[in-house]
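Examination of the molecular architecture
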Amino acid sequence: MSEKDLNALFLDTLKDIYYAEKQIYKALPKMAKAAESDQLRAAFEKHHDETENHIQRLEQIFELLHKPARGKKCDAIEGILDEGKEIMEEYENEPALDAGLLAAAQAVEHYEISRYGTLKAWAEKLNMAGAIKLLDQTLAEEKKTDETLSRIATSVVNAEAA
Ligand code: FE
Ligand code: FE
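Keep in mind it's a predicted model, so treat the numbers as computed, not measured. Numbering of residues begins from 1 in every chain and follows the order in which that chain's sequence is written. Note on labels: chains are lettered from A, ligands numbered from 1, in written order. The predicted nature of this model means local features are confined to residues of pLDDT at least 70 and side-chain atom pairs, given and counted, to a pLDDT of 80 or more, with totals for whole chains, interfaces and linings taken over all residues. As a rule here, side-chain values come from all non-hydrogen atoms in the structure, and water together with hydrogens is ignored.

Another point: the coordination of the iron ion (ligand 1). Only Glu21 (OE), Glu21 (OE), His54 (ND1), Glu112 (OE) and Glu142 (OE) from the protein reach the iron ion (ligand 1) as donors, at distances of 2.1 to 2.4 Å. For Na, K and Ca the donor cutoff is 3.2 Å, while for all other metals N, O and S atoms count as donors only within 2.8 Å; water does not appear among the atoms, so some sites may look incomplete. In this structure the iron ion (ligand 2) is found 3.3 Å away from the iron ion (ligand 1), and Glu112 serves as a bridging donor for the pair. Of this pair, Glu21 sits in helix α1 (residues 6-34) while Glu112 is found in helix α4 (residues 97-125), placing the two residues 91 residues apart along the sequence. As far as burial versus exposure is concerned, Glu21 and Glu112 are alike and both buried. By definition, any uninterrupted DSSP run of H or I lasting at least four residues is a helix, any uninterrupted run of E lasting at least two residues is a strand, and each is numbered from the N terminus. Classification of residues uses two cut-offs on accessible area relative to the type maximum, computed with a 1.4 Å probe and protein chains only: under 20% is buried, over 50% is exposed, and between them is partly exposed.

Now for the coordination of the iron ion (ligand 2). Six octahedral donors around a metal ideally subtend angles of 90 or 180 degrees, whereas four tetrahedral donors ideally subtend 109.5 degrees. Protein ligation of the iron ion (ligand 2) involves His47 (NE2), Glu109 (OE), Glu109 (OE), Glu112 (OE) and Glu142 (OE), the donor distances falling in the range 2.0 to 2.6 Å. Each donor residue of the iron ion (ligand 2) belongs to the same chain, with the gaps between them written as H-x61-E-x2-E-x29-E.

Despite not being glycine, His66 shows a phi value in the positive range, around 55°. Turning to its location among the elements, His66 is positioned in the loop between α2 (38-64) and α3 (75-90). With a phi close to 65°, Asn93 is a non-glycine residue in the positive phi region. Relative to the helices and strands, Asn93 is located in the loop between α3 and α4. Residue classification places Asn93 among the exposed residues on the basis of a relative accessible area of 65%.

Salt bridges, as used here, are contacts in which a Lys or Arg side-chain nitrogen is within 4 Å of a carboxyl oxygen on Asp or Glu. In this structure the tally under the stated criterion is 7 salt bridges. Note that Asp12 is salt-bridged to Lys72, the shortest N-O span being 3.5 Å. One end of the pair, Asp12, is in helix α1; the other, Lys72, is in the loop between α2 and α3, and 60 residues separate them in sequence. The exposure class of Asp12 is partly exposed, given its relative accessible area of 32%. Here Lys73 and Asp75 are joined by a salt bridge, their closest N and O atoms 2.9 Å apart. Both residues of the pair, Lys73 and Asp75, belong to the exposed class.

Right under this line is the structure:
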(Lines give C-alpha, C1' and ligand atoms only; values in the text may rest on other atoms or scores of the structure.)
(Ligands and ions follow the chains in the order given, each with its own letter.)
Protein backbone atom coordinates (compact mmCIF):
# COMPACT_ATOMS: atom_id res chain seq x y z
CA MET A 1 0.00 0.00 0.00
CA SER A 2 1.44 3.35 -0.94
CA GLU A 3 -0.03 6.16 1.04
CA LYS A 4 0.81 9.71 0.05
CA ASP A 5 1.40 11.02 3.53
CA LEU A 6 3.80 13.67 4.81
CA ASN A 7 6.66 11.14 4.76
CA ALA A 8 6.08 10.57 1.05
CA LEU A 9 5.88 14.30 0.39
CA PHE A 10 9.09 14.86 2.35
CA LEU A 11 10.91 12.26 0.27
CA ASP A 12 9.55 13.68 -3.00
CA THR A 13 10.64 17.19 -2.05
CA LEU A 14 14.04 15.89 -0.97
CA LYS A 15 14.44 14.41 -4.47
CA ASP A 16 13.39 17.73 -6.00
CA ILE A 17 16.02 19.76 -4.14
CA TYR A 18 18.65 17.04 -4.69
CA TYR A 19 18.10 17.40 -8.44
CA ALA A 20 18.12 21.20 -8.11
CA GLU A 21 21.38 21.29 -6.12
CA LYS A 22 23.12 19.16 -8.74
CA GLN A 23 21.99 21.53 -11.50
CA ILE A 24 23.10 24.54 -9.44
CA TYR A 25 26.47 22.89 -8.87
CA LYS A 26 26.91 22.68 -12.64
CA ALA A 27 25.69 26.23 -13.29
CA LEU A 28 27.75 28.14 -10.70
CA PRO A 29 31.16 27.80 -12.43
CA LYS A 30 29.59 29.17 -15.63
CA MET A 31 28.15 32.11 -13.71
CA ALA A 32 31.52 32.71 -12.03
CA LYS A 33 33.24 32.72 -15.39
CA ALA A 34 30.72 35.19 -16.79
CA ALA A 35 30.88 37.64 -13.86
CA GLU A 36 32.71 40.93 -14.44
CA SER A 37 33.09 41.88 -10.78
CA ASP A 38 35.84 40.06 -8.85
CA GLN A 39 33.68 40.19 -5.75
CA LEU A 40 30.79 38.51 -7.53
CA ARG A 41 33.04 35.87 -9.08
CA ALA A 42 34.49 35.07 -5.64
CA ALA A 43 31.00 34.77 -4.17
CA PHE A 44 29.96 32.32 -6.89
CA GLU A 45 33.13 30.27 -6.41
CA LYS A 46 32.65 30.13 -2.64
CA HIS A 47 29.04 29.07 -3.03
CA HIS A 48 30.07 26.40 -5.52
CA ASP A 49 32.14 24.79 -2.73
CA GLU A 50 29.24 25.13 -0.29
CA THR A 51 26.88 23.56 -2.81
CA GLU A 52 29.04 20.44 -2.82
CA ASN A 53 28.31 20.18 0.91
CA HIS A 54 24.60 20.76 0.29
CA ILE A 55 24.57 17.75 -2.01
CA GLN A 56 26.43 15.65 0.56
CA ARG A 57 24.05 16.66 3.35
CA LEU A 58 21.08 15.62 1.23
CA GLU A 59 22.77 12.28 0.62
CA GLN A 60 23.13 11.90 4.39
CA ILE A 61 19.40 12.51 4.79
CA PHE A 62 18.57 9.88 2.16
CA GLU A 63 20.80 7.54 4.16
CA LEU A 64 18.98 8.35 7.40
CA LEU A 65 15.75 7.42 5.61
CA HIS A 66 17.31 4.24 4.20
CA LYS A 67 16.43 5.43 0.70
CA PRO A 68 18.68 5.65 -2.33
CA ALA A 69 19.81 9.21 -3.15
CA ARG A 70 17.88 9.94 -6.29
CA GLY A 71 16.85 13.20 -7.91
CA LYS A 72 13.53 14.02 -9.46
CA LYS A 73 13.45 16.50 -12.32
CA CYS A 74 12.63 19.92 -10.93
CA ASP A 75 11.03 22.15 -13.57
CA ALA A 76 11.25 25.21 -11.32
CA ILE A 77 15.04 25.19 -11.08
CA GLU A 78 15.35 24.37 -14.78
CA GLY A 79 13.34 27.51 -15.54
CA ILE A 80 15.27 29.72 -13.14
CA LEU A 81 18.63 28.49 -14.48
CA ASP A 82 17.46 28.87 -18.09
CA GLU A 83 16.66 32.49 -17.40
CA GLY A 84 20.15 32.94 -15.96
CA LYS A 85 21.63 31.41 -19.09
CA GLU A 86 19.58 33.76 -21.23
CA ILE A 87 20.94 36.76 -19.32
CA MET A 88 24.52 35.52 -19.77
CA GLU A 89 23.94 35.30 -23.51
CA GLU A 90 21.91 38.45 -24.04
CA TYR A 91 24.00 40.68 -21.78
CA GLU A 92 27.43 39.36 -22.66
CA ASN A 93 29.89 42.29 -22.63
CA GLU A 94 27.06 44.65 -21.66
CA PRO A 95 27.15 46.97 -18.65
CA ALA A 96 24.18 45.36 -16.88
CA LEU A 97 25.57 41.80 -17.05
CA ASP A 98 26.49 41.56 -13.37
CA ALA A 99 23.19 43.05 -12.24
CA GLY A 100 21.44 40.36 -14.29
CA LEU A 101 23.65 37.58 -12.92
CA LEU A 102 22.96 38.78 -9.39
CA ALA A 103 19.22 38.75 -9.98
CA ALA A 104 19.40 35.25 -11.44
CA ALA A 105 21.53 33.97 -8.56
CA GLN A 106 19.21 35.47 -5.96
CA ALA A 107 16.25 33.77 -7.62
CA VAL A 108 18.13 30.48 -7.20
CA GLU A 109 18.85 31.18 -3.52
CA HIS A 110 15.26 32.14 -2.84
CA TYR A 111 14.08 28.90 -4.38
CA GLU A 112 16.47 26.94 -2.18
CA ILE A 113 15.51 28.89 0.94
CA SER A 114 11.87 28.11 0.24
CA ARG A 115 12.54 24.39 -0.23
CA TYR A 116 14.85 24.01 2.78
CA GLY A 117 12.50 26.01 4.98
CA THR A 118 9.63 23.72 4.07
CA LEU A 119 11.68 20.53 4.47
CA LYS A 120 12.91 21.67 7.86
CA ALA A 121 9.34 22.38 9.03
CA TRP A 122 8.21 18.95 7.84
CA ALA A 123 11.24 17.26 9.43
CA GLU A 124 10.20 18.89 12.71
CA LYS A 125 6.66 17.56 12.33
CA LEU A 126 8.04 14.11 11.55
CA ASN A 127 10.51 14.19 14.47
CA MET A 128 13.53 13.66 12.22
CA ALA A 129 16.20 15.16 14.47
CA GLY A 130 19.15 14.23 12.24
CA ALA A 131 17.54 15.68 9.15
CA ILE A 132 16.53 18.90 10.93
CA LYS A 133 20.15 19.61 11.82
CA LEU A 134 21.45 18.95 8.30
CA LEU A 135 18.68 20.99 6.65
CA ASP A 136 19.26 23.85 9.05
CA GLN A 137 23.00 24.00 8.26
CA THR A 138 22.30 24.30 4.56
CA LEU A 139 19.43 26.74 5.08
CA ALA A 140 21.79 29.02 7.03
CA GLU A 141 24.33 28.96 4.20
CA GLU A 142 21.69 29.74 1.58
CA LYS A 143 20.46 32.71 3.61
CA LYS A 144 23.98 33.98 4.14
CA THR A 145 24.68 33.70 0.42
CA ASP A 146 21.51 35.62 -0.37
CA GLU A 147 22.64 38.39 2.01
CA THR A 148 26.11 38.48 0.44
CA LEU A 149 24.55 38.77 -3.01
CA SER A 150 22.31 41.62 -1.82
CA ARG A 151 25.37 43.42 -0.51
CA ILE A 152 27.29 42.92 -3.76
CA ALA A 153 24.22 44.02 -5.73
CA THR A 154 24.21 47.35 -3.92
CA SER A 155 27.84 48.06 -4.86
CA VAL A 156 27.59 46.67 -8.39
CA VAL A 157 24.42 48.57 -9.20
CA ASN A 158 25.83 51.75 -7.63
CA ALA A 159 29.04 51.48 -9.67
CA GLU A 160 26.98 50.82 -12.77
CA ALA A 161 24.77 53.85 -12.23
CA ALA A 162 27.78 56.11 -11.59
FE1 FE B 1 22.31 24.89 -2.09
FE1 FE C 1 22.51 28.08 -2.83
